[in-house]
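# Remarks on the overall topology
Next come the chains, spelled out residue by residue.
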Amino acid sequence: MCVTAVESRPAGVALTPSPGGHRPFGARVKAFVALTKPRIIELLLITTVPVMFLAAQGVPDLWLVLTTTIGGYLSAGGANALNMYIDRDIDALMDRTSQRPLVTGMVSPRECLAFGLGLAVISTLWFGLLVNWLSAALALGALLFYVVVYTMLLKRRTSQNIVWGGIAGCMPVLIGWSAVTNSMSWAAVILFAVIFFWTPPHYWPLSMKVKDDYARVGVPMLPVIASNRVVARQIVIYSWVMVAVSLLLTPLGYTGWFYTAVALLTGGFWLWEAHGLQNRAKAGVSGAKLKEMRLFHWSITYVSLLFVAVAIDPFLR
C-alpha cells in the first residue's frame, strides 16, 4: 500500500544539504523518520488495530495493542527504508520522490541500509518477545515480501507489480488477528482479501496521475503501458470484487448489521466513483478533467471507515 503526495517540482531536481555538507541534527532525525514513510504506515495501522477488536470481540488488551502497533511501525519502517535503499537510483529521477533522504544526501546509502536492516531485526524480536512468534513470522514475511518480491523482482519487470506486491500491505490484517489469538481465522483471511483487491484500484489512479514519472524510469506500472480506458476497466473489476468480498464477513457470522451497513454505503460510493472514472476514460477525457485522484483520495477514506466499522461492530451485536 502506498500513500504519496504528488510534488510539482521538475523531475530530478532534488533538495541538497546546506553548503559544506553540514547536516543539522534535527534535519537528520527527520530524514531517518522519513525513511520509514510514516504516512504509509498510518494506513497500515488502520487495518491492524480494528482487527484486534474484532478478534477480541471487544476491547483487546491495551498493552498488546501498543506493543503490536510499535512492532508494526518498526517492521514496516524497516521495509520502507530498504525499499528506498534499493530504489535510490530511480527516486533521483522521479519528481515525486526527489525529496527522499537518500536523494537529498541527508542520509547516506550505507546508513539507510544499516537502519533498514536494524529495524528488521529489532521488529522481529520485538514481536516475538512481546507479542508472539506467529506475529513475528508474519511481520518478517511481510517485510521480506515487500523488499525482495515487490521491490527487487516485480516492480521493474511487470505491470502486475502492485497487484502481487500488494500482498505485503495485506499482512497487517493477519498480524492484528494473530496478535490477539495466536492463530488464524477465516475472518482475517477475508479482510486480507479485501485489502488485496483494494490495493490495485487504490494505487492505479495515483499511477495514472504520475505515469510520466514511472515511464521516465522504466517502471511498467499499468497506466504506463495501457490506456486510461484499460486501466479504468481494471479498476472497476477489482472494485466490484473488493466490495463483494467485504460483504462475506456477515453471512459467515463474524460481523453484524453495523459493519454491513457501512460496507454497503462506502462500497456503493466507491463503485459510483470507479464507474465515473471509467465513463470519463471511455469518453477520451484526459488531464485534470479525468479526475482520477478523486478515487485515490476516496480509497483512503473507504478503508478507514470500513475498518473503523470492523472495530465498532462487536459492541453493537
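Everything below is about the structure shown above.
Notes on the structure in this doc start here. Numbers given for residues are sequential positions, taken from 1 along each chain in its written order. Restriction of local features to residues with pLDDT of at least 70 applies here, the model being predicted, together with a cutoff of 80 or more for giving and counting side-chain atom pairs; totals for whole chains, interfaces and linings are based on all residues. Computation of side-chain values covers all heavy atoms of the structure but excludes hydrogens and water.

## As for the packing of aromatic side chains
Ring pairs shown here join Phe, Tyr and Trp side chains whose ring centres sit within 6.5 Å, with only the six-membered ring taken for Trp; geometry is labelled stacked below 30 degrees between planes, edge-to-face above 60, and tilted in between. Inspection of every chain in the model, using the stated rule, returns 10 aromatic pairs. Look at Phe 197 and Tyr 238: their rings are 6.2 Å apart centre to centre, the planes differ by 45°, and that puts the pair in the tilted class. Taken together, the positions of Phe 197 in helix H10 (residues 186-209) and Tyr 238 in helix H13 (residues 228-246) put the pair 41 residues apart, joining distant regions of the chain. We call a residue buried when its accessible area falls under 20% of the maximum for its residue type, exposed when it is over 50%, and partly exposed in between, using a 1.4 Å probe and counting protein chains only. For Phe 197, a relative accessible area of 21% corresponds to the partly exposed category. Judged by relative accessible area, Tyr 238 falls into the buried class, the value being 14%. Here the aromatic rings of Trp 257 and Phe 258 are separated by 5.7 Å at their centres, their planes lie at 90°, and the arrangement is edge-to-face. Helix numbers and strand numbers start at the N terminus; a helix is a DSSP run of H or I with at least 4 residues, a strand a run of E with at least 2.

## A few points about the side chain of Ser 304
Inspection of the secondary structure puts Ser 304 in helix H15 (residues 292-312). Contacts described as polar in this section are N or O atom pairs within 3.5 Å, which, within protein, must combine one atom able to donate a hydrogen with one able to accept it, while residues neighboring in sequence count only if both atoms come from side chains. At 2.8 Å, the side chain of Ser 304 and the backbone oxygen of Ile 300 are in polar contact. Contact between two residues is taken to exist if any of their heavy atoms lie within 4.5 Å; hydrogens are not considered. Contacts of Ser 304, omitting those with residues within four sequence positions, involve Leu 43 and Ile 46.

## A few points about the nonpolar core
Residues belong to one nonpolar core when they are buried, are Ala, Val, Leu, Ile, Met, Phe, Trp, Tyr or Cys, and are joined through side-chain atoms within 4.5 Å. Membership of the largest hydrophobic core comes to 82 residues, with the highest contact counts inside it found for Leu 191, Trp 198, Trp 204, Ile 235, Trp 270, Tyr 302 and Phe 307. Tallying contributions element by element places H10 first for this core, with 14 residues. Ignoring anything within four residues of it in the chain, the contact list for Tyr 302 reads Trp 198, Met 242, Ser 246, Thr 266, Gly 267 and Trp 270. Counting residues in each nonpolar core, the second largest holds nine residues, with Leu 35, Met 84, Leu 102 and Cys 112 among its members.

## Considerations on the pattern of salt bridges
Salt bridges, as used here, are contacts in which a Lys or Arg side-chain nitrogen is within 4 Å of a carboxyl oxygen on Asp or Glu. Counting across every chain of the model gives seven salt bridges. Between Asp 87 and Lys 155 there is a salt bridge, with its nearest N and O atoms 2.7 Å apart. Here Asp 87, found in the loop between helix H3 (62-86) and helix H4 (88-91), pairs with Lys 155, found in the loop between helix H7 (133-154) and helix H8 (161-165); they are 68 residues apart in sequence, far enough to count as distant. The exposure classification of Asp 87 matches that of Lys 155, with both residues buried. Arg 216 is paired through a salt bridge with Asp 213; the nearest N and O atoms lie 2.5 Å apart. In this pair, Arg 216 and Asp 213 are both assigned in helix H11 (residues 211-217), three residues apart and thus about one turn of the helix distant. Exposure remark for Arg 216: the relative accessible area of 45% places this residue in the partly exposed category. Overlapping salt bridges, with partners in common, bring together Asp 87, Asp 89, Lys 155 and Arg 156 in one network.

## Regarding a nonpolar patch on the surface
Residues enter a patch when their relative accessible area is above 30% and they make no salt bridge; the linking distance is 9 Å between like charges and 5 Å between nonpolar side chains (Val, Leu, Ile, Met, Phe, Trp, Tyr). We get accessible surface area from the Shrake-Rupley algorithm with a probe of 1.4 Å; when it comes to residues, only the shown protein chains can shield them. On the surface, a nonpolar cluster with roughly 710 Å² of combined accessible area is contributed by Val 59, Leu 62, Trp 257, Val 308, Ile 312, Phe 315 and Leu 316. Mapped onto the secondary structure, Val 308 falls in helix H15.

## A few points about unusual backbone geometry
Positive phi values are uncommon outside glycine, yet Lys 37 reaches one of about 55°. Within the secondary structure, Lys 37 sits in the loop between helix H1 (25-35) and helix H2 (38-56). Its relative accessible area of 9% is what places Lys 37 among the buried residues.

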